[in-house]
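# Coordinate inspection notes
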Amino acid sequence: YAGFLLGITNTFGTIPGVVAPIVAGYFTEDHTLAGWRKVFWVAAGINMGGAVIYTIFGSGEIQSWAVVEEEEEER
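Residues numbered from 1 in each chain as written. Predicted model: local features only at pLDDT ≥ 70, side-chain atom pairs only at ≥ 80, totals over all residues. Heavy atoms only, no water.

### Overview of a nonpolar patch on the surface
Taken together, Tyr1, Phe4, Leu5, Ile8, Phe12, Ile15, Val18, Val19, Ile22 and Val23 make up a surface patch of nonpolar side chains, about 1,100 Å² in accessible area. Here Leu5 shows up in helix H1 (residues 2-27). (Patch = residues over 30% accessible without salt bridge, like charges linked within 9 Å, V, L, I, M, F, W, Y side chains within 5 Å. Areas by Shrake-Rupley, 256 points an atom, 1.4 Å probe, with all protein chains shown as cover. Salt bridge = Lys/Arg side-chain N within 4 Å of Asp/Glu carboxyl O. Helix = DSSP H or I, 4+ residues; strand = E, 2+ residues; numbered from the N terminus.)

Have a look at this one:
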């Protein structure tokens, strides 16, 4: 499944790289500082939204599959 998953994740990772210049061009059509300020606020809002979602749903709990049982060394 590695190729299939790579295709899906690469698609979602590439979409922002295609959409960002289009959105920035839309906001900066008049070539003013106010347009770039809008671009900054949109980017800041997206980042803050991701931070809020991670804060609400994220966890520092170690999952059962990540626990490594150490073998006791004989001396």
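This is not the end of the story, as more comes after the structure.
### Some details on the environment of Ser64
Within the fold, Ser64 resides in the segment after helix H2 (33-57). The sequence separation of Ser64 and Gly3 amounts to 61 residues, and the corresponding C-alpha distance is 26 Å.

### Describing the UniProt feature "transmembrane region" (unreviewed entry) in the chain
According to UniProt, the feature "transmembrane region" (unreviewed entry) maps to residues 6-27 and 39-57 in the numbering used here. As a span, residues 6-27 carries 100% helix and 0% strand, and end to end its C-alpha atoms are 32 Å apart. With 100% helix and 0% strand, residues 39-57 has end C-alpha atoms that lie 27 Å from one another. (UniProt positions renumbered as here; feature names shortened; annotations may be inferred.)

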